[in-house]
Amino acid sequence: MALLDGPYIINTSRRDILVCWTTDVADSASSEVKIGSSSTSLTQSYRSNTAPTLNGTLSRYLHQVRVSGLSPLTRYYYTVGRIGTPIIPASNNLSFWTAPTIGDNSSKRRFWVVADGGVDANTILLNGFYNFNTNYPNGNSRIDGIISIGDNAYSNGTIAEYPPRFFDNWASLLQNTNLLICQGNHDYGQTTSSTMVG
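Worth saying up front: this structure is predicted, and the values here are computed from it rather than measured.

1. Quick word on the overall build of the chain
Then step 1. Helix and strand counts for the chain stand at 2 helices and 12 strands.
Then step 2. Listing the helices and strands of the chain from first to last along the sequence gives β-β-β-β-β-β-β-β-β-β-α-β-α-β.
Then step 3. Out of the 198 residues belonging to the chain, those deemed buried represent 40%.
Then step 4. In the chain, of all internal contacts separated by at least 6 residues, the share reaching a separation of at least 24 is 66%.
Then step 5. Only carbon and sulfur atoms are counted for the fraction: they give 51% of the accessible area of the chain, which is about 10200 Å².

Take a look at the structure:
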């Protein structure tokens, strides 16, 4: 079994998250996420109640595992795979933060709002973000979420376009940053071929 896309973090709240990834084959064993307080101490295990689902005709099987019972505003480390067998090694890059308790104003939250991120090999956009974020005042380069407001996979938002134009480009951010995603006209294929607007 090979990891194709992800892992990526969505639907983060103060108590739970959803971890997703795709593989090249389905597996009869349950999908599993292991988490812990450090990358060398992944002591809690969460498993999916459903089998991976086939994404279109590309032989990409989507795994989804809900992780719950978490503490607010806490960093967790994780890995993904099948029961007892991670398909990606644990590391400090595989981590996420839960949301704070409602009304907690003890620290600022940072989000990157981006549009048209799905242009093939969009290095200008990503490099601009990395340059800005690396030089952010006070050395706080962590962002709490990415809000993608559309046009995530040019030109028509097909299953085949998402891997090269979204997941591959954004992999290092998606594995440790909550993703909130909206659909744009290109994601619905609502464009004209000559002008690419619609």
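2. Structural notes on the environment of Ala-115
Then step 1. Among the secondary structure elements, Ala-115 is positioned in the loop between β10 (111-114) and α1 (123-134).
Then step 2. With 67 residues separating them in the primary sequence, Ala-115 and Cys-182 have C-alpha atoms 9.5 Å apart.
Then step 3. Aside from chain neighbours lying at most four places away, what touches Ala-115 is Leu-125, Ile-149 and Gly-150.

3. Here we look at the pairing of strand β2 (residues 17-23)
Then step 1. Buried residues dominate β2, accounting for 7 of its 7 residues.
Then step 2. Covered by surrounding structure in β2 are Ile-17, Val-19, Trp-21 and Thr-23 together with Leu-18, Cys-20 and Thr-22, the residues of both alternating faces.
Then step 3. Bridge count between strand β1 (residues 3-10) and β2: 5 bridges; the pairing is antiparallel. Pairing of Tyr-8 across the sheet is with Cys-20, part of β2.
Then step 4. Counting the residues in the hairpin turn of β1 and β2 gives 6 residues, including Asn-11, whose phi is positive at 55°.
Then step 5. Pairing geometry for β2 and strand β6 (residues 60-67), over 7 bridges, is antiparallel. The residue of β6 that forms the bridge with Thr-22 is Leu-62.

Cut-off values and rules
- For every chain, the first residue of the written sequence is number 1, and numbering continues from 1 onward in sequence order.
- Only residues with pLDDT of 70 or above have their local features reported here, since the model is predicted, and side-chain atom pairs are shown and tallied only from 80 upward, although totals for entire chains, interfaces and linings are computed over all residues.
- Processing note: side-chain calculations cover all non-hydrogen atoms of the structure and skip hydrogens and water entirely.
- Going along the chain from the N terminus, every DSSP run of H or I of four or more residues is numbered as a helix, and every run of E of two or more is numbered as a strand.
- For each residue, the accessible area found with a 1.4 Å probe, counting protein chains only, is set against the maximum for its type, and the residue is called buried under 20%, exposed over 50%, and partly exposed in between.
- It only takes one pair of heavy atoms within 4.5 Å for two residues to be counted as in contact.
- Residue exposure ignores everything except the shown protein chains as possible cover, and the areas themselves are Shrake-Rupley values with a 1.4 Å probe.
- By the convention used here, strands pair only if DSSP detects at least 2 bridges between them.

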